[in-house]
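# A structural walkthrough
Each chain is listed here by its residues.
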Amino acid sequence: MDILTLLFIAVGLSMDAFAVSVSSGMILCHTKIRRVLKIAASFGLFQGLMPLIGYTIARTFADKIEAVDHWIAFLLLAFVGGKMLWEALRGGEEECPHGDPCSWKNLLVMSVATSIDALAVGASFAVMPREGLLGPAFGYLLCCAVIAVVTFLLCIAGVEVGCRFGNRFGKKAEIAGGIVLIAIGLKILLEHTVFA
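So, here is what we can say about the structure in this document. (Residues numbered from 1 in each chain as written. Predicted model: local features only at pLDDT ≥ 70, side-chain atom pairs only at ≥ 80, totals over all residues. Heavy atoms only, no water.)

Between its first and last C-alpha, helix 1 (residues 3–27) extends 35 Å over 25 residues, near the 36 Å set by a 1.5 Å rise per residue. For helix 1, the tally of buried residues reaches 18 of 25 residues, placing the bulk of the element in the interior. Two or three places before leucine 4, at the start of helix 1, stands the capping residue aspartate 2, its side-chain oxygen 3.1 Å from that residue's backbone nitrogen. (Helix = DSSP H or I, 4+ residues; strand = E, 2+ residues; numbered from the N terminus. Expected span 1.5 Å × (residues − 1). Buried < 20%, exposed > 50% of the residue type's maximum accessible area, 1.4 Å probe, protein only. Polar contact = N/O pair within 3.5 Å; in protein donor to acceptor, adjacent residues only side chain to side chain.)

Here's what the structure looks like:
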């Protein structure tokens, strides 16, 4: 996996957290930087931990699924991206709970809810070819760290966007994230079937 693909995955995964950060920003307008960093750090931490958990679980079974690994990566990414699109397009209830978005209870709920998708992406890392960033023994840790940092930065921006512009970009960000994840899954599948 190259750095550009990883950055696209990181941005795609962080769109749920970005959308919830925008919602939080709408609630916390003109807030202190400490609260903004608390929200961003919580989302970043969980977005970085979930792929690590998914990777660890999937690596346990990697030798049994090597022949179909590209299909698994495609299906996982397509599922996550499709789920993001479905949730954004159906116009359901926001994931942001009512009340103070900076309370530890609300942060935990929002962070877990927006990072479940990253579990599947981490599993897809385990079945991707061990090349590029995934080549070194601990390349997956670097990938998880990049996802965490990208999410952290985007969530800081999300809170600021929420404070300034309201909820104009929340659903559009989720749609874009879903499309990006599906496209990356399709790229992996085509590289291992059509262009192999």
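Attention now moves to the side chain of glutamine 47. Note that glutamine 47 resides in helix 2 (residues 33–60). A distance of 2.9 Å separates a polar side-chain atom of glutamine 47 from the backbone oxygen of threonine 114. In contact with glutamine 47, other than residues within four places in its own chain, are Leu13, Ser14, Ala17, Thr114, Ser115, Ala118, Ile147 and Thr151. (Contact = heavy atoms within 4.5 Å.)

Moving on: a nonpolar patch on the surface. Judged by side-chain polarity, Leu45, Leu49, Ile53, Ile57 and Phe61 come together as a nonpolar surface patch covering roughly 460 Å² of accessible area. Among the structural elements, leucine 49 can be located in helix 2. Note on leucine 49: relative accessible area 39%, which makes it partly exposed. (Patch = residues over 30% accessible without salt bridge, like charges linked within 9 Å, V, L, I, M, F, W, Y side chains within 5 Å. Areas by Shrake-Rupley, 256 points an atom, 1.4 Å probe, with all protein chains shown as cover. Salt bridge = Lys/Arg side-chain N within 4 Å of Asp/Glu carboxyl O.)

Here we come to the environment of cysteine 102. Within the element layout of this structure, cysteine 102 appears in the loop between helix 3 (69–90) and helix 4 (104–127). The exposure class assigned to cysteine 102 is buried, which follows from its relative accessible area of 2%. In sequence terms cysteine 102 and lysine 38 are 64 residues apart; their C-alpha atoms lie 7.1 Å from each other. Setting aside residues no more than four positions away along its own chain, cysteine 102 makes contact with Leu28, Arg35, Lys38, Ile39 and Leu107.

Another aspect to go through is the packing of helix 1 against helix 2. At a minimum axis distance of 11 Å, the contact between helix 1 and helix 2 shows a crossing angle of 160°. In terms of their interaxial angle, helix 1 and helix 2 are classed as roughly antiparallel. Regarding helix 1 and helix 2, the two cross each other, and that crossing is right-handed. Here Leu13, Ser14, Ala17, Val20, Ser21 and Ser24 of helix 1 come into contact with helix 2, specifically with Ile39, Phe43 and Gln47. (Axes fitted to C-alpha atoms, helices over the stretch in contact; angles between N-to-C directions. Parallel < 35°, antiparallel > 145°, perpendicular 65-115°, else oblique. Left-handed = near helix turned anticlockwise from the far one by under 90°.)

Distances and angles like these do not, on their own, reveal function.
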